[in-house]
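For reference, the chains in residue letters:
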Amino acid sequence: MEFPDLGKHCSEKTCKQLDFLPFKCDACKQDFCKDHFTCAAHKCPFAFKKDVQVPVCPLCNNPVPVKKGEIPDVVVGEHIDRDCNYLPGKKEKIFMYRCSKEGCKKKEMLQVACDQCRGSFCIQHRHPLDHSCKHGSRPISVAGYAAARASESEPSGALHRLSTIWRAQRLRMAKQKRKVTEMTEKKNKKLKKASAKEILMVPEVTLGTKEVHPEGGAVLGAGQETAPQLPVLTPEEKRVLERKQKKERRKEEKKRLRESGAAQNPPAKRSGAQLALDYLRGWAEKHDNWRFQKTRQTWLLLHMYDSNQVPDELFSTLLAYLEGLQGRARELTVQKAEALMQKLDKAGGMDPLPQGKTQRIRQVASGDR
């Protein structure tokens, strides 16, 4: 070799590679190649000396300082045994630093101190001008600097007076605007009520004879009255007016029924069984107004084995209806019939169900009408 002293061998026992640009470990001070120069690659026994992470106590969540050469696990264990202030039943407060501004009750998680008065403030009052800082004259923001320069050219207290006057003006303007809007809303409501009453109270116009004007216009006869001119209503106002008129008509009808005595004996409501049977009859007669109803079909499927609920003269119609079932309803009906058939087969000679119900189960299971 021309340069026998150039380069060094890797200190890793499994490598020993000659490297002309070796790396020196900061912890163990040995030379390594590019594949083993990291502490993890050559398992450096002194890696903890270069570990600058500060461990945190798992109980009190406080950082535990570790000196060079000390093992972090050992130091944290000693802290837990001696200096840890953890109390199981005590909950530590997160927002501890209350704002020093008068009238402000906000608290912050971290302390925000003023550079001039050294007081602790919230985010909203952290600038000196926001909390009226009287210690020092150096503002810490561009806005504060501009406000301070403006206040220097005016007498003391002028800026404060201007701000109070401006606020008072804004409050007065806001109150006046609110009053105007309230007054306009009240006027609009009164006009709507008045127009609705006029429309309801307008008498019917009697039609009379019309005379055609020579110029083409129609002239009202002697027996015809001129209708009063009503204010033009928007579509929304017309709908509201129509709803009010419907309510009044309903009230009048109920009042007439009460007076005539018909309201004392209202017609009895039909039961679910009657509605379901009528639904089945309508399907059999192929009525034009027949529509599928899930509720009626469910009632028929639940009570089809009971002769008291579904009469015998309608059971054949129900079997024909069952042939048209589709989907999940058909599967559940077949499964229920098969389960009842298995129950009958296990009973043997003894029939645990009434004769009529047993016969219906067999007909549904076999599909026989």
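Residues numbered from 1 in each chain as written. Predicted model: local features only at pLDDT ≥ 70, side-chain atom pairs only at ≥ 80, totals over all residues. Heavy atoms only, no water.

## Concerning the packing of aromatic side chains
Next, step 1: As enumerated under the stated definition, the model contains four aromatic pairs in all.
Next, step 2: On the numbers, 6.1 Å between centres and 75° between planes, the contact of Tyr279 with Tyr321 is edge-to-face. Of this pair, Tyr279 sits in helix H5 (residues 272–285) while Tyr321 sits in helix H7 (residues 312–323); the two residues are 42 residues apart in sequence, bridging distant segments of the chain. Across this residue pair, the class does not change: Tyr279 and Tyr321 are buried.
Next, step 3: Within the aromatic cluster, the residues linked to one another by ring pairs are Tyr279, Trp283, Trp290 and Tyr321. (Phe/Tyr/Trp six-rings, centres within 6.5 Å; stacked < 30°, edge-to-face > 60°. Helix = DSSP H or I, 4+ residues; strand = E, 2+ residues; numbered from the N terminus. Buried < 20%, exposed > 50% of the residue type's maximum accessible area, 1.4 Å probe, protein only.)

## Side note on the pattern of salt bridges
Any two side chains of opposite charge can pair, so long as their charged atoms come close to each other.
Next, step 1: One pass over the full model with this rule turns up four salt bridges.
Next, step 2: For Asp278, the salt bridge goes to Arg281, with nearest N and O atoms at 2.9 Å. You can see Asp278 and its partner Arg281 sitting in helix H5, three residues apart, about one turn around the helix.
Next, step 3: With a relative accessible area of 30%, Asp278 lands in the partly exposed category.
Next, step 4: Looking at Arg281, the relative accessible area reads 35%, which means it is partly exposed.
Next, step 5: Across the pair Arg328 and Glu331 runs a salt bridge whose closest N-O atoms are separated by 3.4 Å. With Arg328 and Glu331 both in helix H8 (residues 328–347), this residue pair falls three residues apart, about one helical turn.
Next, step 6: In this structure Arg328 comes out as exposed when scored by relative accessible area, which is 54%. (Salt bridge = Lys/Arg side-chain N within 4 Å of Asp/Glu carboxyl O.)

## Observations concerning unusual backbone geometry
Next, step 1: In this structure, Asn61 takes a positive phi of about 60° despite not being glycine.
Next, step 2: With a relative accessible area of 57%, Asn61 lands in the exposed category.
Next, step 3: A positive phi angle is found at Ser132, which is not glycine, with a value near 55°.
Next, step 4: Looking at where Ser132 falls in the secondary structure, it is placed in the loop between strand E8 (120–121) and helix H2 (142–152).

## So, helix H6 (residues 294–303)
Next, step 1: Burial in H6 covers these residues: Gln297, Trp299, Leu300 and Leu301.
Next, step 2: Next to the buried residues of H6 lie H5, H7 and H8. (Contact = heavy atoms within 4.5 Å.)

## A few points about the packing of H5 against H6
Next, step 1: Where H5 contacts H6, the axes come no closer than 9 Å and their chain directions differ by 100°. With respect to their mutual orientation, H5 and H6 come out roughly perpendicular. Touching Ala273, Leu275, Ala276, Leu277, Tyr279 and Leu280 of H5 are Arg296, Gln297, Trp299 and Leu300, all from H6. (Axes fitted to C-alpha atoms, helices over the stretch in contact; angles between N-to-C directions. Parallel < 35°, antiparallel > 145°, perpendicular 65-115°, else oblique.)

## Focus on the side chain of His42
Next, step 1: Within the secondary structure, His42 is located in the loop between strand E4 (31–32) and helix H1 (72–82).
Next, step 2: Residue His42 is classed as buried on the basis of its relative accessible area of 9%.
Next, step 3: Among the polar contacts listed, one links the side chain of His42 to the backbone oxygen of His36, at a separation of 2.9 Å. (Polar contact = N/O pair within 3.5 Å; in protein donor to acceptor, adjacent residues only side chain to side chain.)

## Some details on a nonpolar patch on the surface
Next, step 1: Taken together, the side chains of Leu6, Leu18, Phe20 and Leu21 define a hydrophobic patch exposed on the protein surface, amounting to about 400 Å² of accessible area.
Next, step 2: Inspection of the secondary structure assignment puts Leu6 in the segment before strand E1 (8–9). (Patch = residues over 30% accessible without salt bridge, like charges linked within 9 Å, V, L, I, M, F, W, Y side chains within 5 Å. Areas by Shrake-Rupley, 256 points an atom, 1.4 Å probe, with all protein chains shown as cover.)

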